[in-house]
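A structural walkthrough
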Amino acid sequence: MATIYIENVPYEVKDGQNLLTACLSLGFNIPYFCWHPALHSVGSCRLCAVKVFRDAKDTRGHIMMSCMTPASDGTRLSVDDPEVKEFRAAVLEWLMINHPHDCPVCDEGGECHLQDMTVMTGHNYRRTRSRKRTFRNQNLGPFINHEMNRCIQCYRCVRFYRDHAGGRDLNVFGIHDRLYFGRFDDGALESPFSGNLVEVCPTGVFTDKTLRRHYTRKWDLQTAPSVCVHCGLGCNTIPGERYGMLRRILNRYHEDVNGYFICDRGRFGYEFVNADKRVKSPLIRREEGQGIASFDAITAEDALDRLQVVLNGASGIIGIGSPRASLESNFALARLVGPERFSSGIAAKEHDLVATILSILRNGPARSASLHDVERSDAVLVLGEDVSNTAPRMALSLRGSVLVQPMKAAAERLKIPLWSAGSVKQACQDDKGPLFVATPGATGIDDVAAVTLRLSPDDITRLGFAVAAALDPSAAPAVGDLSEDLKAAAAGIAEALQSADRPLVVSGTGCGSKKVIEAAGNVAWALCRRKKDAAISLVVPECNSLGVALMGGASLEEAFKQVQSGKADTVVIMENDLYRRAASSTVTELLEKARTVVVLDHLANRCTEKADLVLPVGTFAETDGTLVNAEGRAQRFYRVFVGTGDMRAGWQWLDSSAGREKAWETLDEVDAALASAIPIFEPILHIAPPAGFRVQGLKIPREAHRYSGRTAMKANINVHEQAPPVDQDSALAFSMEGYQGQPPSALVPRYWAPGWNSVQSLNKFQGEVGGSLRGGNPGRRLIEPSGNSDIELLREAPEAVERPKGRWQIVPLHHVFGSEELSVLSPGVNELAPTPYLGVAEETAISLGIGEGDSVTLTVGGVVYSLKAKIVEGLAPGILGLPVGLPGTEKCDLPAWGEVTKAKGTGKVSIDG
């Protein structure tokens, strides 16, 4: 610790900080623009000036930029010196000379960092009357609105986009005072992290275009803490609602998970909540003859009565859960039907993959890495997982990991503080740490990888086993018939991992291969046997995949068998479109064979079309619940608003018909029952304050204290002010009344502090800038490593597989926009989603006689796909790629082998798997 003196008062601060970070952590208000806690210091805006004194006798001092000055022991400074305040006001006035001063019509108004800093510096009168500089704005795609005239040249946008996120299509153009931040040509921003520009930009240059379509002022948004549902990483978010419509998503800081940034799928995929496909009232099927059916809306009471009749009359009930439903809803279904009749709702192959991941995390010595751990890793091996598309936020963390070794070396060699971003960048140049990527196709992190290998899933497995054998020959099996190139690659990877302080292995379900996951486990375990502090990160496909795996339950196919064998005649499906998980013919046969089908979901889909009774459940924005992410961290999400119609949480529908003497009345009671029934879930009782929690006798308001118009919002229904809904499941209130101070970190619904209306107010909620939230980071880990470094490694190294003549291996390809079920219903995401295609490497296309856009017929597992061929760079030899999750390719068991024949005289190619 170092002692610094601010206004002659001593304070202890953390060693290695700069003065700006130290002062903000202590609660002092110093204005700034270019500095950002994740991007660090470049000293370009000159606004964070303080006066620094040589010693206690120095009364004159000199002005210095606090972001560029180390907080060394004995430093004396003044934050409020009159000369410093005058200097800041002058700097702010210079920056504002060309600003349009259009706050009343600016989308950023009310949470603008520029507004906050203008007030903080005391600049309140515009003296300039000269002609202002103007620019033409660009169309940057469906997510980002561009208003270049508001720019103050802080450089945050390009520093984030290019240096931090690796984007190349946004840059700064011009010279002197005519700088332009944008693309060379109009067009959608290519980075899947472009949405962070909305929060990174301190003015209104980059704003949320999806919010602009249904705009409302920020203080009129009702907000609550939540968790992203669009992949398995569990990023923390803040959704905002107005008039019963979800309007936007903001990043919610979590030191161990998403930090300051989220991906564009998580930020802009929310509009499925507002989709026309929403189910808002219970529906009962009415037959109209000749197999045609329609649905009648009924009341919630009638729906519950009907559900009770169905359950009482069933000779056997199968419950099919879902990896996108909360723990509580899945548990309610499992308790209703019994553990032996509960299915996790996951197809057998994926069920096996997730079970393998769970086994490795629970039984092995390697710790499951958080995203923060990923970013701190100094050597990484990625086996078979295209994280840039299956777990986008992890790709951003991996980009940070390649800088760990070069930054450490530069800091030690040149004595550069790591917060001096410009100096570190100059010292490191293009140096990158060891990141090894072995995948069937190109990924979004290839540009920062030391080595990229394009291999089939079998060869990726063999590479992983070879690396483990190189690390620990006594425990890992040797791999025979390995090519000289792969031998050399395995040896180099093993050496880099062994030399690292914090090595990491990344894999997951994206490749569709259990052996690849086992190979990743072997590498991590071999490192642990060598006494390395190794971690492993295994990607799962959905927001609660690991949660339902921990809960147990049969695969989807096992549930089908019980209906087909006559052991069950009633099927209850929880938030699961089975047509995305099994062949259409199989699902249709199941639903037609069952006497009664009950579907609980928030979206109309092919399953609801076949149901006898449809019960509307709320989305993440309209219900409370718990999800378990890929790390094994249980996290709570809270409803932002009460949905229209008769929507309820899934557990509320089922519990009302459970037939118990005492039904669950609150979420806390469900969690208590879950923890009692399945002890591994006991920590969920402590991940957030209970519903009865109060601060000074008050709940935490979801609405900001400036929330306006409440008395008129429902005047068309009743001229009297409507009473706010009662929330018995959380300590949050649906009103602006309540405790106005800082609540516990798990209940923080928004970031705001006096004088800090923008997202930069986050520094007031952290114990120290860039550190954990006050009160600790939300959520609890459910899985910890066994600690047994002598664990036996897997002994079955696969043999080399030669591609049969005339046959090709078809592997899954993933897309950040389009492959995920819910986000693709958002117009912006859908606009960027590709149409289904068959990916072919250029040399493969030549050998097959296929050209770009040629029609291709692909048969896999009896399912026929009519596709267009697309030349895809970076596919491994002997590989064809099929995008999964897109319309028409949702369910396809890959990897699979296929045979290619070209029909004479047609130009069509048939590929049979």
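Structure first, text after, so check above.
Attention here is on the structure that accompanies the text. (Residues numbered from 1 in each chain as written. Predicted model: local features only at pLDDT ≥ 70, side-chain atom pairs only at ≥ 80, totals over all residues. Heavy atoms only, no water.)

**Thoughts on the overall build of the protein**
Put simply, the rule reads: Secondary structure follows DSSP: runs of H or I at least 4 residues long count as helices, runs of E at least 2 residues long count as strands, and numbering of each begins at the N terminus. Each radius of gyration is computed over the set of C-alpha atoms, and the globule rule expresses the reference value as 2.2 Å times the number of residues to the power 0.38. The cut-offs for exposure are 20% and 50% of the maximum accessible area for each residue type, with area from a 1.4 Å probe on protein chains only; residues under the lower value are buried, those over the upper are exposed, and the others partly exposed. We call two residues contacting when some pair of their heavy atoms lies within 4.5 Å. Working definition of accessibility: Shrake-Rupley area with a 1.4 Å probe, residue cover restricted to the visible protein chains.
Assigned secondary structure in the protein consists of 26 helices and 38 strands. By the compact-globule yardstick of 29 Å for 913 residues, the protein fits well, its C-alpha radius of gyration being 29 Å. For the protein, the spread of C-alpha atoms along the three principal axes comes to 90 × 80 × 60 Å. Counting every position in the protein, which comprises 913 residues, the buried fraction comes to 61%. Intrachain contacts of the protein at a sequence separation of at least 6 include 73% that bridge at least 24 residues. Counting every atom, the protein has about 35100 Å² of accessible surface; 50% of that belongs to carbon and sulfur.

**Topic: the environment of Asn 274**
Rules: Pairing of N or O atoms within 3.5 Å defines a polar contact, subject to two protein rules: one partner must be a possible hydrogen donor and the other a possible acceptor, and residues neighboring in sequence count only if both atoms are side-chain atoms.
Within the secondary structure, Asn 274 is located in the loop between α7 (264-268) and β14 (283-287). A C-alpha to C-alpha distance of 6.7 Å links Asn 274 and Leu 246, two positions 28 residues apart in sequence. Apart from residues lying up to four places away in sequence, Asn 274 is in contact with His 214, Met 245 and Leu 246. Within the structure, Asn 274 has its side chain in polar contact with the backbone oxygen of Leu 246 (distance 2.8 Å).

**Re the packing of helix α16 (residues 457-471) against helix α17 (residues 484-499)**
Quick note on the threshold: Working convention: axes come from line fits to C-alpha atoms, limited for helices to the stretch in contact. Angles between N-to-C directions cover 0 to 180 degrees. When an angle is under 35 degrees it counts as roughly parallel; over 145 it counts as roughly antiparallel; between 65 and 115 it counts as roughly perpendicular; any other value is oblique. Note on convention: near helix rotated counterclockwise from far helix by under a right angle means a left-handed crossing. Clockwise means right-handed.
Interaxial distance between α16 and α17 falls to 8 Å at its minimum, and their mutual angle equals 55°. It follows from the interaxial angle that α16 and α17 lie oblique. Of the two elements, α16 crosses α17, and the hand of that crossing is right-handed. Residue-level contacts link Leu 463, Ala 466, Val 467, Ala 470 and Leu 471 of α16 to Leu 486, Ala 490, Ile 493, Ala 494, Leu 497 and Gln 498 of α17.

**Here we look at the nonpolar core**
Selection criterion: In this text, buried Ala, Val, Leu, Ile, Met, Phe, Trp, Tyr and Cys residues form a nonpolar core when linked through side-chain atoms within 4.5 Å.
The biggest cluster of nonpolar side chains holds 148 residues, and the ones touching the most others in it are Met 394, Leu 463, Val 467 and Phe 681. Among the elements that take part in this core, helix α18 (residues 514-529) stands out by supplying 10 residues, more than any other. Each residue touching Val 467, except ones within four places of it in the same chain, is listed here: Leu 381, Ala 490, Ile 493, Ala 494, Leu 497 and Val 523. The next biggest cluster of nonpolar side chains, apart from the first, holds 41 residues, and it includes Val 198, Phe 206, Phe 765 and Val 829.

**Here's the deal with the packing of aromatic side chains**
Stated precisely, the cut-off is as follows: Pairing of aromatic side chains requires ring centres within 6.5 Å, counting the rings of Phe and Tyr and the six-membered ring of Trp. Pairs whose planes differ by under 30 degrees are stacked, by over 60 edge-to-face, and all others tilted.
Using the criterion set out here, one finds 14 aromatic pairs in the structure. With a centroid separation of 5.6 Å and 90° between ring planes, the pair formed by Tyr 11 and Phe 28 is classed as edge-to-face. One end of the pair, Tyr 11, is in strand β2 (residues 9-13); the other, Phe 28, is in the loop between α1 (19-25) and β3 (49-53), with 17 residues separating them in the sequence. Assessed through its relative accessible area of 25%, Tyr 11 is described here as partly exposed. Geometrically, the ring pair formed by Phe 143 and Phe 268 is stacked, given 4.4 Å between the ring centres and 5° between the ring planes.

**So, the pairing of strand β23 (residues 535-539)**
The cut-off we apply is this: Paired strands, as defined in this entry, are two strands with at least two bridges between them according to DSSP.
The element β23 is largely enclosed, with a buried count of five among its five residues. Across the two faces of β23 the burial is the same, with Ala 535, Ser 537 and Val 539 and Ile 536 and Leu 538 all buried. By the bridge criterion, two bridges tie strand β18 (residues 367-368) to β23 in an arrangement that is parallel. Its bridge partner lying in β23, Arg 367 is registered against Ala 535. Where strand β22 (residues 503-508) meets β23, five bridges bridge the pair, whose relative direction is parallel.

**Some words on the packing of helix α10 (residues 348-363) against α18**
For clarity, the cut-off: Residues are grouped as follows: Ala, Val, Leu, Ile, Met, Phe, Trp, Tyr, Cys and Pro are nonpolar; Asp, Glu, Lys and Arg are charged; all remaining types, including Gly, are polar.
Relative to each other, α10 and α18 sit at 10°, their axes nearing to 9 Å. Regarding the angle of α10 to α18, the classification is roughly parallel. Across the interface between the two elements, Asp 352, Leu 353, Thr 356, Ile 357 and Ile 360 of α10 pack against Lys 514, Ile 517, Glu 518, Gly 521 and Trp 525 of α18. Tallied by class, residues from the contact of α10 with α18 come to five nonpolar, two polar and three charged.

**Details of helix α8 (residues 300-313)**
The line we're drawing: By this rule the span expected of a helix is its residue count minus one, scaled by 1.5 Å. Summarising the geometry, the arc corresponds to the directions from the helix axis toward the C-beta atoms.
Taking 1.5 Å per residue as the helical rise, α8 with its 14 residues ought to reach 20 Å, and the 20 Å between its terminal C-alpha atoms agrees with that figure. Considered for burial, the residues of α8 that qualify are Ala 300, Ala 303, Leu 304, Leu 307, Val 310 and Leu 311. For α8, the angular spread of the buried residues around the axis is 120°, confining them to a single face. For α8, the exposed residues lying more than 90 degrees away from the buried face are Glu 301, Asp 305, Val 309 and Asn 312. The elements touched by buried residues of α8 are β16 (317-320), α9 (327-337), β24 (570-574), β25 (596-601), β26 (613-616) and α23 (650-655).

**Section: α16**
Counted at 1.5 Å a residue, the expected span for α16 with its 15 residues is 21 Å, and the 21 Å between its end C-alpha atoms agrees. Of all 15 residues that make up α16, 12 are buried, and the element is covered over most of its length. Buried within α16 are the following residues: Pro 457, Ile 460, Thr 461, Arg 462, Leu 463, Gly 464, Phe 465, Ala 466, Val 467, Ala 468, Ala 469 and Leu 471.

**Concerning the pairing of strand β13 (residues 245-251)**
With six of seven residues buried, β13 is to be regarded as a mostly interior element. As defined by bridge partners, strand β12 (residues 236-242) adjoins β13 across six bridges and the pair is classed as antiparallel. Bridge pairing links Arg 242 to Met 245 in β13. In this antiparallel pair of consecutive strands, β12 and β13, the connection spans two residues, and Tyr 243 shows a positive phi of 55°.

**Here we look at the sheet that holds strand β28 (residues 633-637)**
An order of β27-β28-β31 is seen for the three strands of this open sheet, with the pairing classed as antiparallel. Lying at the two open borders of the sheet, with one neighbouring strand each, are β27 (625-628) and β31 (780-781). Here β27 pairs with β28 via four bridges, running antiparallel. The residue bridging Leu 627 from the neighbouring strand is Gln 635, located in β28.

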